[in-house]
Amino acid sequence: GAVVSQHPSWVICKSGTSVKIECRSLDFQATTMFWYRQFPKQSLMLMATSNEGSKATYEQGVEKDKFLINHASLTLSTLTVTSAHPEDSSFYICSAIPGQGAYEQYFGPGTRLTVT
Amino acid sequence: GDSVTQMEGPVTLSEEAFLTINCTYTATGYPSLFWYVQYPGEGLQLLLKATKADDKGSNKGFEATYRKETTSFHLEKGSVQVSDSAVYFCASNKAAGNKLTFGGGTRVLVKP
């Protein structure tokens, strides 16, 4: 149980285009999902907290207009990287919490974005 | 603010060696503590957890004990395998539904 999927697993796009990444909780409902960014050989950097039916809460320094997050249902959150640039190339990972009273997060397999 | 500090890697071991990865935390109150493992090219997997002082989390031969007095949650495994090669992250969480605070990660390489 507690499986989280991400789609696509990797994507290459041209500079200036937008890319949407999906995060799904497959066997549980997730009122809260998180989006992380990870650079090579580094730890995860939290970008934003996504709550179903409300606006995402962004961490300091993360551009909300560039990284659009939508949590439209209890099993789906999306991250859209708008007007992507090469510096946006990274590994993006989402996680979800299985229920209101849970502490642990379950992570998706990640999406590798390369902007050319 | 809250923080998690873990030993820097890489840690290189031979198969069947003993592994210890140190992790300490700072937090107000008593957070829940976690170890996550990340295999190459993959997301993070929950390895084990402990929610209160003196709890011992264990899974796949790995163990970690929540030590309140030393604010530590060190990860140990008695006999590592090549398949244990991965990056290990220590993390804390103060409240249900709250965001995790991660350590910097420790890369472990087990050689046959």
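Residues numbered from 1 in each chain as written. Chains lettered and ligands numbered in written order. Predicted model: local features only at pLDDT ≥ 70, side-chain atom pairs only at ≥ 80, totals over all residues. Heavy atoms only, no water.

J.: What exactly am I supposed to notice about the sheet that holds strand β1 (residues 4-7) of chain A here?
T.: Strand pairing in a sheet relies on backbone hydrogen bonds. The paired strands run either parallel or antiparallel. Residues and elements named next belong to chain A. Strands sit in the order β1-β3-β8-β7 across an open sheet of four strands; the sheet is antiparallel. Strand pairing shows two members of the sheet lacking a second neighbour, β1 and β7 (67-73), which therefore form its edges. Adjacent strand axes in the sheet meet at a mean angle of 15 degrees, parallel and antiparallel pairs treated alike. One ladder, built from four bridges, connects β1 with strand β3 (residues 19-25); its direction is antiparallel. Within β3, the position partnered with V4 by the bridge is S25. (Pairing = 2+ DSSP bridges. Helix = DSSP H or I, 4+ residues; strand = E, 2+ residues; numbered from the N terminus. Axes fitted to C-alpha atoms, helices over the stretch in contact; angles between N-to-C directions.)

J.: Could you clarify how one ought to interpret the state of the cysteines in this entry?
T.: Think of a disulfide as a covalent bridge from one cysteine sulfur atom to another cysteine sulfur atom. Enumeration over the complete set of coordinates arrives at two disulfides over all chains. One disulfide in the model links C23 of chain A with C94 of chain A; its S-S distance is 2.0 Å. Note on the C23 of chain A and C94 of chain A pair: the S-S dihedral is about 80 degrees, so by sign convention the disulfide is right-handed. In this pair, C23 of chain A is assigned in strand β3 and C94 of chain A in strand β9 (residues 90-97), connecting sequence segments 71 residues apart. Residue classification places C23 of chain A among the buried positions, given a relative accessible area of 0%. In this model C23 of chain B forms its disulfide with C90 of chain B; the gap between the sulfur atoms is 1.9 Å. Handedness here is read from the sign of the S-S torsion; for C23 of chain B and C90 of chain B, about -70 degrees, the answer is left-handed. (Disulfide = S-S within 2.5 Å. Buried < 20%, exposed > 50% of the residue type's maximum accessible area, 1.4 Å probe, protein only.)

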